[in-house]
Amino acid sequence: MIDTGDTAWMLIATGLVLFMTPGLAFFYGGMVRAKNVLGMLMQNFFAMGLMAILWVAIAFSLAFGNFGDGGVIGNLDFAWMRNITSDVGPEAFALTIPFVLFCAYQMTFAVITPALITGATADRFKFKAYAVFIALWLIVVYAPVAHWVFAGGWLAKLGALDFAGGAVVHINAGAAALAVILVLGRRHGWPREGMHPHSLPFTMLGTGILWFGWFGFNAGSALGSNGVAAQALMNTFLAASAGMLGWLIVEQIKEGKPTTLGAASGAVAGLVAITPCAGFVGGMSPIVIGLAAGVLCVLAIRLKFRFGYDDSLDVVGVHLVGGIIGGLLLGFFADADVNKLVTHEGVFLGGGFSLLWFQFVACAVTFAFSFVASFLLAKVIDRTIGLRVSEEDEAEGLDFSQHAETAYSYGSTGSMDRLN
Amino acid sequence: MGDPSTETKGYRGDMKLVTAIIKPHKVDDVKEALKAAGLRGMTVDEVKGFGRQGGKTEIYRGAEYVVDLLPKVRVETVVPDELADQVVELIVNAARTGKIGDGKVWITSVEKLIRIRTGEVGDDAV
């Protein structure tokens with residue numbers, strides 16, 4: 001039966017999550033150099049276009065077909081929006097909202113997950129190659145992992161928990177990001193040249209939008225207007241706050257100055273880590289989880305200098321590492337009093353180590369599958385149409401080389417005039 | 001607007017270009033000092049550079065970067081020959097902070113000066 005309260009909330013949650021993609025666009029956009037800001041914005045906005053169409057055409061069906069089969073992939077039952085009705089849909093889904101709304105809500109996740117990769121590949125990804133990559137990635141990588149975890153696939157049947165997509169979204173995208181940058185190579189001049197954010201105000205604004213939208217991402221994953229959603233909202237809020245403080249404290253100790261970029265990154269790290277835990281934990285645990293993410297991620301982002309990979313905007317350091325931290329900490333803090341779906345409680349709740357083991361398997365398998373598949377996809381595209389822009393185009397900037405545009409035309413020297 | 005004769009004042013080095021590289025936050029002080037002294041023209045632009053000041057070290061995302069091109073402002077004004085030294089002294093006093101990085105002032109000769117609107121040359125164009 002359709003519950004109007006649940007449906008009202010999920011309609012709003014869908015809007016909140018969709019808003020996160022433009023939020024992400026500006027979060028990243030502010031961090032790149034001015035000559036590349038449109039390139040970054042375009043990649044993120046474009047995902048809103050292409051991923052939505054592919055989602056209803058085929059990817060939703062591949063993710064959510066065969067619901068509850070404990071298997072590895074869906075089917076074509078819902079392809080081209082067949083059987084996606086406005087009633088509660090198939091019984092197996094146990095929905096109290098219209099099935100088409102469920103599809104739309106999941107669609108917002110399918111849009112933002114590939115968009116996360118853009119932060120790592122900043123300033124050098126050829127736009128056409130990016131478009132082809134994310135189109136294939138949605139179908140070959142995202143849909144299967146979503147099936148394993150969100151659609152009662154084999155990881156869910158194993159006993160792994162992931163409330164809103166710590167594995168499906170963050171570990172998945174983080175692993176893919178790492179794979180793609182290994183094929184793409186480093187930016188020219190990295191790490192010697194300083195490539196500083198051109199607009200931290202944009203980044204801060206983007207962070208605010210992400211924090212706000214994340215209430216839809218996490219609390220909306222309750223798929224209903226209820227106590228679990230409320231708990232998820234509170235957890236999300238606290239983890240972001242704690243994440244920010246954790247990052248800032250480390251910055252203060254290590255460098256003597258807390259930065260706005262650090263505050264933004266810390267909040268995001270906390271939000272990433274709480275994502276798998278959001279509707280399964282309670283009490284003060286979100287503060288511990290957020291704090292852990294804030295502290296560990298600020299240390300993790302230095303790994304790129306140690307190992308020499310150019311993760312431009314720290315997608316690996318924040319989303320991959322944050323997602324793993326959250327996924328594993330869930331094995332410690334999962335609480336059946338918060339959510340009846342918790343059959344194995346966390347270590348600290350007296351549930352022993354079973355859940356922690358399932359979480360470890362889920363993290364490891366998601367990482368391995370996404371990394372390998374994304375690496376192969378990137379290699380194939382690189383061998384055919386080429387993944388990376390030319391050196392001249394990179395120097396000129398993506399805005400002009402890929403889109404024939406300039407982001408900021410402040411000159412007063414006549415119409416259509418360019419001074420560089 | 002007649003034919004300039006080679007004996008007319010305003011040719012062959014009777015004007016000087018005074019150029020100063022100063023700290024950006026001193027632009028207003030220099031501008032006010034020059035206006036108070038009766039000067040009616042100057043050009044200002046933003047530049048980067050270093051002298052003996054060297055640079056600074058920034059930390060971004062845990063990595064250190066040397067910033068040795070520091071923002072400065074270049075002030076230029078064309079003045080009659082007899083005022084050049086006075087203008088230099090005005091600028092030096094207005095722009096000095098006593099801390100490293102205050103900048104430099106120099107004088108070069110101007111061969112010819114023309115006012116675009118009227119075609120006046122030399123001292124009439126200052």
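Predicted model only: the values in this text are computed from it and were never measured.

### Some words on the overall build of chain B
Across its full length, chain B carries two helices and six strands. In chain B, the order of α-helices and β-strands from amino to carboxyl end is β-α-β-β-β-β-α-β. Within chain B, the proportion of its 126 residues that are buried is 16%. Taking all contacts inside chain B whose residues are at least 6 apart in sequence as the whole, residues at least 24 apart take part in 72%.

### Considering the interface of chain B and chain A
In this complex, chain B contributes seven residues to the contact, which on the side of chain A involves seven residues. Of all the elements in the fold, those that place two or more residues in the side of chain B that touches chain A are strand S3 (56-60) and strand S4 (63-67) of chain B. Each residue belonging to the side of chain B that touches chain A can be placed in one class, and the counts come to four nonpolar, one polar and two charged.

### Describing the pairing of S4(B)
Residue and element names in this part refer to chain B. Of the pairings in the sheet, the one linking S3 to S4 comprises five bridges and is antiparallel in character. Counted as the bridge partner of Tyr-60 is Ala-63 from S4. Between S3 and S4, which pair antiparallel one after the other, the connecting turn spans two residues, and Arg-61 there sits at a positive phi close to 55°.

### Quick notes on the sheet that holds strand S5 (residues 70-80) of chain B
Across a sheet, strands are paired by hydrogen bonds formed along the backbone, either parallel or antiparallel in direction. Residue and element names in this part refer to chain B. Pairing is antiparallel in the open sheet, where four strands are placed in the order S2-S5-S1-S6. Each of the sheet's edge strands pairs with one partner strand only, and the pair in question is strand S2 (43-49) and strand S6 (103-110). Averaged over all pairs of adjacent strands, the angle between their axes in this sheet comes to 25°, without regard to strand direction. As paired elements, strand S1 (residues 15-22) and S5 share eight bridges and run antiparallel to each other. Counterpart to Ile-22 in the pairing with S5 is Val-73. Strands in contact with helix H1 (residues 27-36) are S1, S2 and S5; relative to S5, the strand with the most contacts, it is inclined by about 10°. Its contacts with the sheet put helix H2 (residues 84-95) on S1, S5 and S6, and the angle it makes with S1 is roughly 10°.

### A word on unusual backbone geometry
Residue and element names in this part refer to chain A. For the peptide bond that leads from Trp-190 to Pro-191, omega is 0°, which places it in the cis range. Tracing the sequence through the fold places Pro-191 in the loop between helix H6 (166-184) and helix H7 (200-219). The backbone of Trp-80 shows a phi angle near 55°, a positive value even though the residue is not glycine. Mapped onto the elements, Trp-80 comes out in the loop between helix H2 (37-64) and helix H3 (99-116). Residue Trp-80 is classed as exposed on the basis of its 11 C-beta neighbours within 10 Å.

### Topic: the packing of helix H1 (residues 4-29) of chain A against H2(A)
Residue and element names in this part refer to chain A. Relative orientation of the contacting elements H1 and H2 amounts to 165°, with a least axis distance of 9 Å. Classified by the interaxial angle, the pair formed by H1 and H2 is roughly antiparallel. Note on packing geometry: the crossing formed by H1 with H2 is right-handed. Counted together, Thr-21, Pro-22, Leu-24, Ala-25, Tyr-28 and Gly-29 of H1 and Val-37, Met-40, Leu-41, Asn-44, Phe-45, Ala-47 and Met-48 of H2 form the full contact between these two elements. Class assignment for the residues of the contact of H1 with H2 results in ten nonpolar, three polar and no charged.

### Concerning the packing of H1(A) against H3(A)
Residues and elements named next belong to chain A. Across the interface, H1 lies against H3 with an axial gap of 9 Å and an inter-helix angle of 15°. One finds that H1 runs roughly parallel with respect to H3. Here H1 runs over H3; the crossing is left-handed. Together, Thr-7, Met-10, Leu-11, Ala-13, Thr-14, Val-17, Leu-18, Met-20, Thr-21 and Leu-24 of H1 and Leu-101, Ala-104, Tyr-105, Thr-108, Phe-109, Val-111, Ile-112 and Ala-115 of H3 make up the contact between the two elements. Its residues assigned to classes, the contact of H1 with H3 shows 14 nonpolar, four polar and no charged.

About the thresholds
- Every chain is numbered on its own, with residues counted from 1 as its sequence reads.
- Here chains are named by letter from A upward and ligands by number from 1 upward, in the order in which they appear as written.
- Under the rules for a predicted model, residues below a pLDDT of 70 receive no local features and side-chain atom pairs below 80 are neither given nor counted, while totals for whole chains, interfaces and linings still include all residues.
- In this text, helices come from DSSP runs of H or I with a minimum length of four residues, and strands from runs of E with a minimum of two, each type numbered from the N-terminal end.
- Our exposure labels follow a C-beta count within 10 Å of each residue's own C-beta, placed from the backbone: buried means 20 or more other C-beta atoms, exposed means 12 or fewer, and partly exposed covers the counts in between.
- Each residue is represented by a C-beta atom placed from its backbone, and any two residues with such atoms within 7 Å are regarded as in contact.
- For this classification, Asp, Glu, Lys and Arg are treated as charged, while Ala, Val, Leu, Ile, Met, Phe, Trp, Tyr, Cys and Pro are nonpolar and the rest, including Gly, are polar.
- Two strands form a pair only when DSSP identifies at least two bridges running between them.
- Between N-to-C directions, angles cover 0 to 180 degrees, with each direction set by a line fitted to C-alpha atoms, over the stretch in contact for helices.
- These descriptions rest on fixed angle ranges, namely under 35 degrees for roughly parallel, over 145 for roughly antiparallel, 65 to 115 for roughly perpendicular, and the rest for oblique.
- Throughout, a crossing is termed right-handed when the near helix is turned clockwise from the far one, and left-handed when it is turned anticlockwise from it by less than a right angle.

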